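Fold and contact review
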Amino acid sequence: MEQAVSKEEVRQLVLEARRESKRIALVPTMGALHEGHLSLVRAAQQRADVVVVSIFVNPTQFGPGEDFEAYPRDLDRDLALLAAEGVDAAFTPTTEAMYASGAQVTVDPGPLGDVWEGASRPGHFRGVCTIVAKLLSLVGPDLAFFGEKDYQQLVIVRRMVADLDIPVKIVGCPIVRDADGLALSSRNAYLSPGERRAATVLYRALREAETLVCGGETDAGFVERAMRDTIEAEPLAALDYAALVDPRTLEPAAAAPGARAIIAARVGATRLIDNMAMPSMA
Ligand code: AMP
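Residues numbered from 1 in each chain as written. Predicted model: local features only at pLDDT ≥ 70, side-chain atom pairs only at ≥ 80, totals over all residues. Heavy atoms only, no water.

Some words on the site of the ligand
This is how it is decided: It suffices for a single heavy atom of a residue to lie within 4 Å of a molecule or strand for the residue to be listed as near it. Side-chain atoms alone can form a polar contact between residues adjacent in sequence; in general such a contact is a pair of N or O atoms within 3.5 Å, and within protein one must be able to donate a hydrogen while the other accepts it. Here the accessible surface of atoms and residues is derived via Shrake-Rupley with a 1.4 Å probe, and residues count as covered only by protein chains that are part of the display. The secondary structure listing takes helices from DSSP runs of H or I that are at least 4 residues long and strands from runs of E that are at least 2 residues long, numbered from the N terminus.
Contacts to the ligand come from 17 residues, most closely from H37, G147, D150, V176 and L184. Separating an oxygen atom of the ligand from a side-chain N or O atom of H37 is a distance of 2.9 Å. Here G147 contributes a backbone N or O atom positioned 2.9 Å from an oxygen atom of the ligand. Here the ligand, which alone exposes 480 Å², has 93% of that area covered by the protein. Taken together, the elements giving at least two residues each to the shell around the ligand come down to β2 (24–29), α2 (35–47) and β5 (143–147). Top contributing element to the shell around the ligand by residue count: α2, with three residues.

Quick look at the structure:
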C-alpha cells in the first residue's frame, strides 16, 4: 500500500492511475477505523480499480468544547488494517498541510446544514463540506463512498456535488452494527461498560419505530413520541432529537411510511447518532 502524506504526493499517485484509465474511488475517514469504515473500503473495491482512503481528523468540523483533542487516533493500526484489506493508497495529511495558514474560503452547506446535527453543532457541516470538497479536488475520484451512519452528512454531500457540479458519484453504504444493534462508531470507545449497554437504546428506539410503521402506523408524530419515550426511559441517555424526516430534504416527514428516522442522544458524556429507513406503505 502506498502512503501519501503531502498534497503533491496524493496528486501524483492518482495522476498515474488516471493515465492508465483506472477508475478511482475515495473513502474519506477520520481514522480509528472499524468494520463500518472497512465496509466502505470493500464497497469501493467492488466498483473501482484504485481505492484511496483518507485519514484526517478534520479540526474545522469540531466545535469549541467538542472532542477534537480527545478523538481516538492510531495511525499505525489504521494503516495495517487498510494494507490487510488490499487498499491501494492511504492519504494521511497533517493539519498544516491541509489548511495553509491564512486560508479563508469555506463551503457553505446552505439550509440543510442548519438543522438537526447542524442545529446542535453549529459550523459542523461547513467544516465537513470544506474538507470533502478539498479531498475531492485533490484526489479527483470517479466515486466517493460515505456511510448512511452519518445520514445528514450523506444528504449534504450529495447536495454539494450536485450544486457545485463536482464530477463524482457519491455512493451511500448501509450502517454496520454490533451484534446488539449499536451502530459502530469511533466514539463508542468513550463509553464505559454501563454506558455501552445503555447505548443500545438508540437502536431499540429505531426498531420500535420500524415495528410501528410495519404494523400500519402512519402518524409521524405518534412514532416520534414512541422513540422519545424509549430514549427517555433510559436513565443514562439524554435525548437531543428523535424525528421522522423526508429522506431527501430532511424536513419533518408528512407521514411515517418511507420517512427516515433520525436520533441523536448523549449517553454519559458521549454524543451518539443513528438512523433508519422506515418501511414504505405496501
Ligand atoms: P468517520 O471516520 O467517523 O468520519 O467516518 C468515515 C466514514 O465512515 C463516513 O462516511 C461514515 O458515515 C462512515 N461510517 C462510520 N461508521 C459507520 C458505520 N457504522 N457503518 C457504515 N458507515 C460508517
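Things to note about the sheet that holds strand β1 (residues 2–4)
For clarity, the cut-off: Whether two strands pair comes down to DSSP finding at least two bridges between them. Whenever a helix is involved, its axis is fitted only over the stretch in contact; in every case the axis is a line through C-alpha atoms, and angles between N-to-C directions fall within 0 to 180 degrees. Residue contacts follow a heavy-atom distance rule, with two residues in contact if any of their heavy atoms lie within 4.5 Å.
Read across the open sheet, the six strands follow the order β1-β4-β3-β2-β5-β6; overall the sheet is parallel. Taken across any chain shown, the strands that pair with only one partner, and hence form the sheet edges, are β1 and β6 (169–173). Averaged over all neighbouring strand pairs, the angle between strand axes comes to 25 degrees, with direction disregarded. Here two bridges tie β2 to β5, and the two strands are oriented parallel to one another. Paired with L26 across the two strands is A144, which belongs to β5. Together, β1, β3 (50–55) and β4 (89–91) form the strand contacts of helix α3 (residues 75–84), whose direction differs from that of β3 by roughly 165 degrees. Seen against the sheet, helix α7 (residues 151–163) touches β5 and β6 and runs at an angle of roughly 170 degrees to β6.

Describing the sheet that holds strand β9 (residues 270–277)
The three strands are arranged β7-β8-β9 in an open sheet whose pairing can be described as antiparallel. Pairing within the sheet leaves two strands with one partner each, and these edge strands are β7 (237–245) and β9. With direction set aside, neighbouring strand axes in the sheet form an average angle of 10 degrees. Strands in contact with helix α9 (residues 201–214) are β7, β8 (260–267) and β9; relative to β9, the strand with the most contacts, it is inclined by about 20 degrees. The sheet contacts of helix α10 (residues 220–232) involve β7 and β8, and relative to β7 the element is tilted by about 165 degrees.

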